[in-house]
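# Understanding the architecture of this molecule
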Amino acid sequence: MRGRSVAVALVGLLLALGTAREASADDPSFLTMGAGIFDVFDDDTAGYFRLEYRSDARLLSFIKPLVGISISTDGAVYGYGGFNIDLYFGRRWVFSPGFAVGAFEEGDGKDLGNTVEFRSGAEIAYRFANRARLGLAFHHISNASLSDRNPGANVLVLTYSLPFGYVFASP
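Residues numbered from 1 in each chain as written. Predicted model: local features only at pLDDT ≥ 70, side-chain atom pairs only at ≥ 80, totals over all residues. Heavy atoms only, no water.

### Quick look at empty space enclosed by the protein
The condition that has to hold: Of the two site types, the cavity is a set of points on a 1 Å grid over the protein atoms alone where a 1.4 Å probe fits but cannot get out, and the pocket is an open set with protein on both sides within 12 Å along at least five of seven lines, each lined by residues with an atom within 4 Å of a point. Grid points are joined across faces, edges and corners, and a volume is the space filled by probe spheres set on the points. Secondary structure elements are defined from DSSP: runs of H or I of at least 4 residues count as helices, runs of E of at least 2 residues count as strands, and each element is numbered from the N terminus. Throughout this entry, Asp, Glu, Lys and Arg are counted as charged residues, while Ala, Val, Leu, Ile, Met, Phe, Trp, Tyr, Cys and Pro are counted as nonpolar. The remaining residues, Gly among them, count as polar.
Tallied over the entire structure, the rule returns two cavities of 30 Å³ or more. Here the element with the most residues in the lining of the largest cavity is strand E3 (residues 63-72); it accounts for three residues. Here the residues of the lining of the largest cavity sort into four nonpolar, two polar and four charged. The space that makes up the second largest cavity amounts to roughly 50 Å³. Around the second largest cavity sit Glu-52, Arg-54, Leu-66, Asn-84, Ser-96, Arg-119, Ala-122, Glu-123 and His-139, which together line it. Counting only elements with at least two residues in the lining of the second largest cavity, the list comes to strand E2 (46-54) and strand E7 (116-127).

This is the structure we're talking about:
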């Protein structure tokens, strides 16, 4: 019975991913804005805001580069670059795991132990007919033990991705 469940799940995943190429073929670059909570599961929580540029360029036909900056209400700043991989489930739902590396300044907030910090996580988003996306992202920021202190921080963010062409479109 367990083998059958695994087989059904794999077939479902393959069917969903089969639509990924078709669904992603017309995706543009995005300007992504986000607001949420920094260090969501700890006692150093703060408000969190993010601005990202997600390119429509593809490395190896499925890896999409991104660059961004985030700030927290306690003065932390994190500038980063990395990549996402968009996995489509039907035409509307997009699951995007990703990774980034950047420079972190703690401000008056949590000391993450190093200037160099890595971000890993994922976003699940609903894609509208105009390609804009509304999503929920969860990321972990950590220095990967580059220093003795490595407390890490978890970030929960509501995101809105606007196709980049809409940002500069004439009315």
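The rest of the description comes next.
### A look at the nonpolar core
The condition is simple: Here the nonpolar core consists of buried residues drawn from Ala, Val, Leu, Ile, Met, Phe, Trp, Tyr and Cys, with membership extended through side-chain atoms lying within 4.5 Å. Note on exposure labels: buried denotes an accessible area under 20% of the residue type's maximum, exposed denotes more than 50%, and partly exposed covers the range between, all computed with a 1.4 Å probe on protein chains only. Throughout, a contact is declared for two residues whenever any of their heavy atoms are within 4.5 Å.
Membership of the largest hydrophobic core comes to 14 residues, with the highest contact counts inside it found for Phe-38, Phe-104, Leu-112, Ile-141 and Val-155. At the level of secondary structure, the elements contributing two or more residues to this core comprise E2, strand E4 (77-85), strand E6 (93-105) and strand E9 (153-163). Counting residues per element, this core draws most heavily on E9, at three residues. The contacts of Phe-104, once residues within four sequence positions are left out, are Phe-38, Ala-76, Val-77, Tyr-78, Lys-110, Leu-112, Asn-114, Thr-115 and Glu-117.

### Re the packing of aromatic side chains
The geometry of an aromatic ring pair is captured by two quantities: the separation of the ring centres and the angle between the planes. Selection rule: Geometry of aromatic contacts follows a simple scheme: Phe, Tyr and Trp rings, the Trp one being its six-membered ring, pair when their centres are within 6.5 Å, and the pair is stacked under 30 degrees between planes, edge-to-face over 60, tilted otherwise.
Taken as a whole, this structure holds 10 aromatic pairs when the rule is applied. Relative to Phe-138, the ring of Phe-41 has its centre 6.0 Å away and its plane inclined at 45°; by these criteria the two rings are tilted. Note that Phe-41 is positioned in the loop between strand E1 (30-38) and E2 and Phe-138 in strand E8 (residues 133-142), a separation of 97 residues in sequence. With relative accessibility at 35%, the residue Phe-138 sits in the partly exposed group. Look at Trp-93 and Tyr-126: their rings are 5.3 Å apart centre to centre, the planes differ by 75°, and that puts the pair in the edge-to-face class. Highlighted residues: Trp-93 in strand E6 and Tyr-126 in strand E7, separated in sequence by 33 residues. Clustering of aromatic rings is evident, with ring pairs tying together Phe-38, Tyr-48, Tyr-78, Tyr-80 and Phe-104.

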